Amino acid sequence: MIQEFILHHSYLIGLVSFLLGLMFMPVVVRVAKAKGFVVRPNKRMSHEGAIPNIGGLNICFSFMLTYLIFNHVENNHFFLIGLFAIMVIGFIDDVLVLRPLAKLLGEGLAGIALIGFEDLRITHLHGLFGIEEMGIIPSYLISMFILLAIINAINLIDGIDGLASGLGILYCLFFAFYFSLSGETEWSYIAIEMIGVLIVFFIYNVFGKREKIFMGDSGSLLLGYLLTAFVFHFCEINAYHIVPETMHMNAAPAVAICVLTVPIFDTIRVSITRIKKHKSPFEPDKNHIHHLLLRTGLNHIQTTSVLLSVSLLFIALGIIGRNWNIWVLLAVDFSIATCLTLLLWRIINKKMLIES
């Protein structure tokens with residue numbers, strides 16, 4: 001009866017995952033400090049002292065425990081296996097620092113669980129390039145590319161306090177509302193469960209002092225993996241008109257890109273910049289959008305707030321243009337992102353001239 005009551009009041013699912021996360025987080029912090037799973041100040045980080053960097057463990061275990069308690073999705077075993085596998089890959093990278101190729105291979109293996117065994121993938125291109133339904137091989141290849149792109153975009157945006165978790169909360173809210181309104185209640189529950197544990201992490205990451213913790217790759221890779229699953233399901237139910245007509249989006253792939261514009265556009269921009277400088281696109285630097293905003297004089301919380309606000313703008317664009325031509329919506333989305341980036345560079349250059 002309690003379980004049924006909670007499922008009929010879905011926000012309570014988020015409360016359960018929040019309480020579980022709140023209960024386990026101090027344990028994760030203590031274990032991280034005792035075992036030396038910490039990151040120390042370096043030239044790319046501005047924090048003080050040794051900070052635990054395995055917050056993803058709490059996100060993963062609290063989320064999965066809530067998921068299993070309510071057991072609201074049947075036969076999703078491979079989804080959970082992939083989710084756990086990607087967390088393990090991230091944890092190993094946090095502790096040992098994997099080479100980029102080894103990390104990509106691990107992400108791909110975890111992706112096989114979602115795409116190959118769970119069979120959650122992109123099968124329809126919504127008319128892009130004149131293609132609608134795809135054969136199984138192109139479907140697998142395109143789905144794997146999208147999965148790796150989203151996972152690494154979320155991983156790369158995780159550079160300052162509250163940014164990755166704040167964006168994760170925002171994105172999960174979008175998908176939770178959409179799935180709920182579209183009758184995809186099981187998927188809305190999954191998004192709500194993640195929101196609860198992300199709020200716990202956000203509080204510790206942004207406002208924690210003695211118990212501050214970073215998400216680490218164990219958390220950012222897991223978050224990217226989950227968001228990829230949402231994107232796949234979102235695009236598929238729109239491609240095959242499974243949702244009510246009032247909720248149908250002709251430009252669903254472009255809408256998904258609008259929602260994730262901040263990490264996707266930033267990853268593309270940074271990768272192109274590195275390649276132009278004859279550097280590896282995997283080589284770390286301080287050229288990400290959050291680094292640029294910090295150079296204007298904003299602090300971490302202000303920078304995170306700006307990027308969350310900009311993300312809301314792009315989500316609104318996606319909702320407004322949901323039935324536009326896909327190419328038109330993508331062009332508007334990337335044009336706005338480019339203009340905002342150029343404006344930011346102008347502000348930085350003006351600040352540098354004043355200081356010099």
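Our structure's up above, just so we're on the same page.
Rules used in this analysis
- Every residue gets a number counted from 1 within its own chain, in the order that chain's sequence is written.
- At least 70 in pLDDT is required for a residue's local features to be given in this predicted model, at least 80 for side-chain atom pairs to be given and counted, and no such filter applies to totals for whole chains, interfaces and linings, which use all residues.
- With hydrogens and water stripped out, all remaining heavy atoms of the structure feed into the side-chain values.
- Secondary structure elements are defined from DSSP: runs of H or I of at least 4 residues count as helices, runs of E of at least 2 residues count as strands, and each element is numbered from the N terminus.
- For the radius of gyration, the atoms used are the C-alpha atoms, and the globule rule reads 2.2 Å times the number of residues raised to 0.38.
- Using the Shrake-Rupley algorithm and a 1.4 Å probe, accessible areas are obtained, with residue cover drawn only from the displayed protein chains.
- A 1.4 Å probe rolled over the protein chains alone gives each residue an accessible area, and that area as a share of the maximum for its type sets the label: buried under 20%, exposed over 50%, partly exposed in between.
- Geometry of aromatic contacts follows a simple scheme: Phe, Tyr and Trp rings, the Trp one being its six-membered ring, pair when their centres are within 6.5 Å, and the pair is stacked under 30 degrees between planes, edge-to-face over 60, tilted otherwise.
- One less than the number of residues in a helix, times 1.5 Å, gives the span that helix is expected to have.
- Note on geometry: axes are C-alpha line fits, over the in-contact stretch for helices, and angles between N-to-C directions span 0 to 180 degrees.
- The hand of a helix crossing depends on one turn: near helix anticlockwise from the far one by less than a right angle means left-handed, and clockwise means right-handed.
- Between two residues, a contact is recorded if the distance between any of their heavy atoms is within 4.5 Å.
- Ten residue types, Ala, Val, Leu, Ile, Met, Phe, Trp, Tyr, Cys and Pro, are classed as nonpolar, four, Asp, Glu, Lys and Arg, as charged, and the remainder, Gly among them, as polar.
- Side-chain atoms alone can form a polar contact between residues adjacent in sequence; in general such a contact is a pair of N or O atoms within 3.5 Å, and within protein one must be able to donate a hydrogen while the other accepts it.
- In plain words, nonpolar cores are sets of buried Ala, Val, Leu, Ile, Met, Phe, Trp, Tyr and Cys residues tied together by side-chain atoms within 4.5 Å.

1. Here we look at the overall build of the chain
For step 1, the next point in the chain: Tallying secondary structure elements over the chain gives 14 helices and two strands in all.
For step 2, the next point in the chain: The C-alpha radius of gyration computed for the chain amounts to 20 Å, which stays within 12% of the reference 21 Å derived for 356 residues, consistent with globular compactness.
For step 3, the next point in the chain: Counting only C-alpha atoms, the chain reaches 60 × 45 × 35 Å along its principal axes.
For step 4, the next point in the chain: A total of about 16900 Å² of accessible surface is found on the chain, and carbon and sulfur atoms cover 68% of it.

2. Regarding the side chain of S311
For step 1, the next point in the chain: Tracing the backbone shows S311 in helix α13 (residues 300-320).
For step 2, the next point in the chain: For S311, a relative accessible area of 1% translates into the label buried.

3. Observations concerning the packing of aromatic side chains
For step 1, the next point in the chain: For the structure on display, the rule yields 18 aromatic pairs.
For step 2, the next point in the chain: Centroid distance F78 to F117: 5.0 Å. Interplanar angle 25°. Geometry classified as stacked. Taken together, the positions of F78 in helix α4 (residues 77-96) and F117 in helix α5 (residues 100-117) put the pair 39 residues apart, joining distant regions of the chain.
For step 3, the next point in the chain: With relative accessibility at 54%, the residue F117 sits in the exposed group.
For step 4, the next point in the chain: Where F175 meets F234, the ring centres are 5.9 Å apart and the plane angle is 75°; that geometry is what we call edge-to-face. Note that F175 is positioned in helix α7 (residues 163-181) and F234 in helix α9 (residues 216-239), a separation of 59 residues in sequence.
For step 5, the next point in the chain: An aromatic cluster is defined as three or more aromatic residues linked by ring pairs; in this entry it consists of F174, F175, Y178, F179, W187, F230 and F234.

4. With respect to α9
The periodicity of an α-helix, 3.6 residues per turn, causes residues three or four places apart in sequence to face the same way.
For step 1, the next point in the chain: With 24 residues, α9 should reach 34 Å at 1.5 Å per residue; the first-to-last C-alpha distance of 35 Å fits that figure.
For step 2, the next point in the chain: Of all 24 residues in α9, 24 are buried, a share of seventy percent or more.
For step 3, the next point in the chain: H241 lies just past α9 and shows a positive phi near 55°.

5. Regarding the packing of helix α3 (residues 55-70) against helix α8 (residues 185-207)
For step 1, the next point in the chain: Look at α3 against α8: their axes get within 9 Å of each other, and the N-to-C directions meet at 145°. Crossing handedness for the pair α3 and α8: right-handed. Residue-level contacts link G55, N58, I59, S62, F63, T66, Y67 and F70 of α3 to I190, E193, M194, V197, L198, V200 and F201 of α8.
For step 2, the next point in the chain: When the residues that make up the contact of α3 with α8 are grouped by side-chain class, the tally is 10 nonpolar, four polar and one charged.

6. A few points about the side chain of D217
For step 1, the next point in the chain: With respect to the helices, strands and loops of the structure, D217 is situated in helix α9.
For step 2, the next point in the chain: D217 sits in the buried class, given a relative accessible area of 12%.
For step 3, the next point in the chain: Engagement of the side chain of D217 in a polar contact is seen with the side chain of K103, the distance being 2.7 Å.
For step 4, the next point in the chain: Each residue touching D217, except ones within four places of it in the same chain, is listed here: G90, D93, D94, K103, N155 and L222.

7. Re the nonpolar core
For step 1, the next point in the chain: If you look at the biggest cluster of nonpolar residues, it comprises 106 residues, and the most contacted ones within it are F63, M194, Y225, L227, F230 and F234.
For step 2, the next point in the chain: In terms of residue count, the dominant contributor to this core is α8 (14 residues).
For step 3, the next point in the chain: Once residues lying within four places of it in the same chain are set aside, the contact partners of L227 are I150, I154, Y171, C172, F175 and L260.

In short, shape yes, function no, at least from these values alone.
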